[in-house]
Amino acid sequence: MKVKKLLASLLAATMLLGMMSFPAFAAAEPSLPMEDGIYIIANSEAYEMFCSDVANGVTYDGLTVKLTNDIITDKMVGDASRIASVLTGKVFKGIFDGGENTITFTYALDTNSNSQKGVGIFAGLDGAVVQNLNAAVTIEVKQSEYAVGGIAGYMVKGAEVRNCHVSGSITAVEDAGGIVGKGMANAKVMGSTNAAAVTTTDGKTGGIASAMYYTPQEPGAMLIDGCTNTGAITCTNGGYSAGIVGLSTAAWIKNSKNEGKVTVAGSSGGGIVGDSQYGTVIESCENAGMIENTNASGYGTGGIVGWIRYNTNSSYANIPADRCQIIDCVNRGEMISTGGKIGGVAGTVYDAVVMNGCENYGKITAGSMSGGVIGNYQESDATMPEILAIPGRVQVENCSNFAKTMNLTGGVVGAFIGHMPNYAEGKFHFVNTGSVAVTNQADSAILPTGGYYDQVVPEGIAQVVTEEDNLSDIISNAAPGSVISLAPGTYDGMIAIEKPITLKGLEGAAIAG
């Protein structure tokens, strides 16, 4: 009986609670003052209020915040950690308009047990937009596995940075960029500049981003467009470094320029991209900065890109090989390396590249495997037939070398390609008006392609020679069917032609003797 009464009482209480209404717990609201539907930051106190809001879970999702005055601060907006391409923690999700004002941001971190965190004015941007902001930063992070950027540590879910400009200095153990540490999941950086010196000990280093990676759904979904770097980019021990992006997987980098010196002691370095993986498109970009690689065993150093690689066994295999593109790019920066694998456009190419309309004007001073366009071209062997069978994976056309290519230590050097193995297949068409100088003539092949296999010269090469070149040697080394054009000048006529080639004289060219 007592049990029945107890059950009846509990049932009655439950019904009573169900009939009662309770006030819902209200979500945290922004603390900033509002004008015409926009939240305003007018002074340092309001900025600290904004930082406190985000720290307490106010994301400003769907809302706009505007800065109306310059701010000096050491407070970071939010706290972002990364799991794959997803951010956890307290992050900003709205629109932040800097109003062309400047945030002077100072941040230092000695050690911290938490890894995979973002550091910047914004720790992370989750689908957010930051625009029209100037940033004068002094950032020093001594903990590894942090993503460090002048504007943002991480960018995910289509986050965008537009018309932002960074100056000052950024120092990190690894993974640092002038604008963003790591851009993922369709992040975009547009119309922005970096003048800050960016220095790392290891990892990925870039004037705009240390890395743009994780596969986008369509071409151009992950984007850097119209950006310029003038800051010095330095990696003292390993990693990938470049004037624009240290590491790119399937991003689209276009209309961008590097003018800062890139110094790398790691795997690869480039004027625009250090390591290009699995379908990166580089279009209408220019490098004018010096590229120096102090690692004698690096994978590649290039005026535009250090290392291009494609692998059908990777998680990016759904991206077609012909998405590995370098189109209408120009290098004017000098390249120096204690090692080799240096090219005026690309240092090393593995398996796939579509290269068209690219030019090199930068002098190359390097070891073995240096070329005016490509330093080292390699292909997978018969153990990777699925790569060798891909149609159109190698297309190099209308590319020119106008610089003097020097090989300090002998070995393999070419006006176009330093090294190309005898099993390479592809479509190559070059124009050369530069010259090649080698310190150890006996060990080197001065050919349109140097190669360990001197007999392998791409068909259809169109080469322009000048009075400074030895016309007899060029004819001797030319492949049957080659087209050799003589620039204006007078050439020694004591030559022998014993193969089918085409010799053309441009206006003002003459053969004497």
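Residues numbered from 1 in each chain as written. Predicted model: local features only at pLDDT ≥ 70, side-chain atom pairs only at ≥ 80, totals over all residues. Heavy atoms only, no water.

Mind laying out the overall build of the protein chain, listing which residues take part and the relevant values?
For the protein chain, the helix and strand inventory stands at 4 helices and 59 strands. Buried residues in the protein chain amount to 55% of all 513 residues. Here the contacts in the protein chain between residues at least 6 apart in sequence split such that 78% fall between residues at least 24 apart. In the form shown here, the protein chain has an accessible surface area of approximately 20400 Å², with 52% of it arising from carbon and sulfur atoms. (Helix = DSSP H or I, 4+ residues; strand = E, 2+ residues; numbered from the N terminus. Buried < 20%, exposed > 50% of the residue type's maximum accessible area, 1.4 Å probe, protein only. Contact = heavy atoms within 4.5 Å. Areas by Shrake-Rupley, 256 points an atom, 1.4 Å probe, with all protein chains shown as cover.)

Got a sec to walk through helix 2 (residues 44-55)? Specific residues and values, please.
The end-to-end C-alpha distance of helix 2, which contains 12 residues, comes to 16 Å, matching closely the 16 Å that a straight helix rising 1.5 Å per residue would cover. The complete set of buried residues in helix 2 reads A46, Y47, F50, C51, D53 and V54. Buried residues of helix 2 fall within an arc of 155° about the axis and therefore sit on the same side. By the N-cap criterion, in which a side-chain oxygen at the helix start approaches the backbone nitrogen of a residue two or three places on, helix 2 is capped by N43, the distance to E45 being 3.2 Å. (Expected span 1.5 Å × (residues − 1). Arc of directions from axis to C-beta. Polar contact = N/O pair within 3.5 Å; in protein donor to acceptor, adjacent residues only side chain to side chain.)

Describe the nonpolar core, listing the residues and the values that go with them.
Formed by 106 residues in total, the largest nonpolar core has its most connected members in F50, F96 and M355. No other element matches the 5 residues that helix 2 contributes to this core. I475, I484, L486 and I501 belong to the second-largest nonpolar core, a separate cluster that totals 9 residues. (Core = buried A, V, L, I, M, F, W, Y, C linked by side-chain atoms within 4.5 Å.)

Pulling in residues and values, what's your account of the packing of aromatic side chains?
With the rule as written, the count across this model stands at 11 aromatic pairs. Ring geometry for F50 against Y60: centres 5.4 Å apart, planes inclined by 65°, an arrangement best described as edge-to-face. Linking F50 in helix 2 with Y60 in the loop between helix 2 and strand 3 (64-67), this pair joins segments that are 10 residues apart in sequence. Y60 carries the same exposure label as F50, and that label is buried. An aromatic cluster of at least three residues, connected via ring pairs, comprises Y39, Y47, F50, Y60, F92, F96 and F122. (Phe/Tyr/Trp six-rings, centres within 6.5 Å; stacked < 30°, edge-to-face > 60°.)

Tell me about the pairing of strand 14 (residues 152-156), residues and numbers included.
Counting buried positions over the 5 residues of strand 14 gives 5, a clear majority of the element. Relative to strand 14, strand 10 (residues 122-126) is paired through 4 bridges, and the arrangement is parallel. Among the inter-strand pairings, L125 is bridged to a residue of strand 14, identified as M155. Of the strand pairs in this sheet, strand 14 and strand 18 (residues 180-184) are connected by 3 bridges, and their pairing is parallel. Across the sheet, residue Y154 finds its bridge partner in strand 18, namely K182. (Pairing = 2+ DSSP bridges.)

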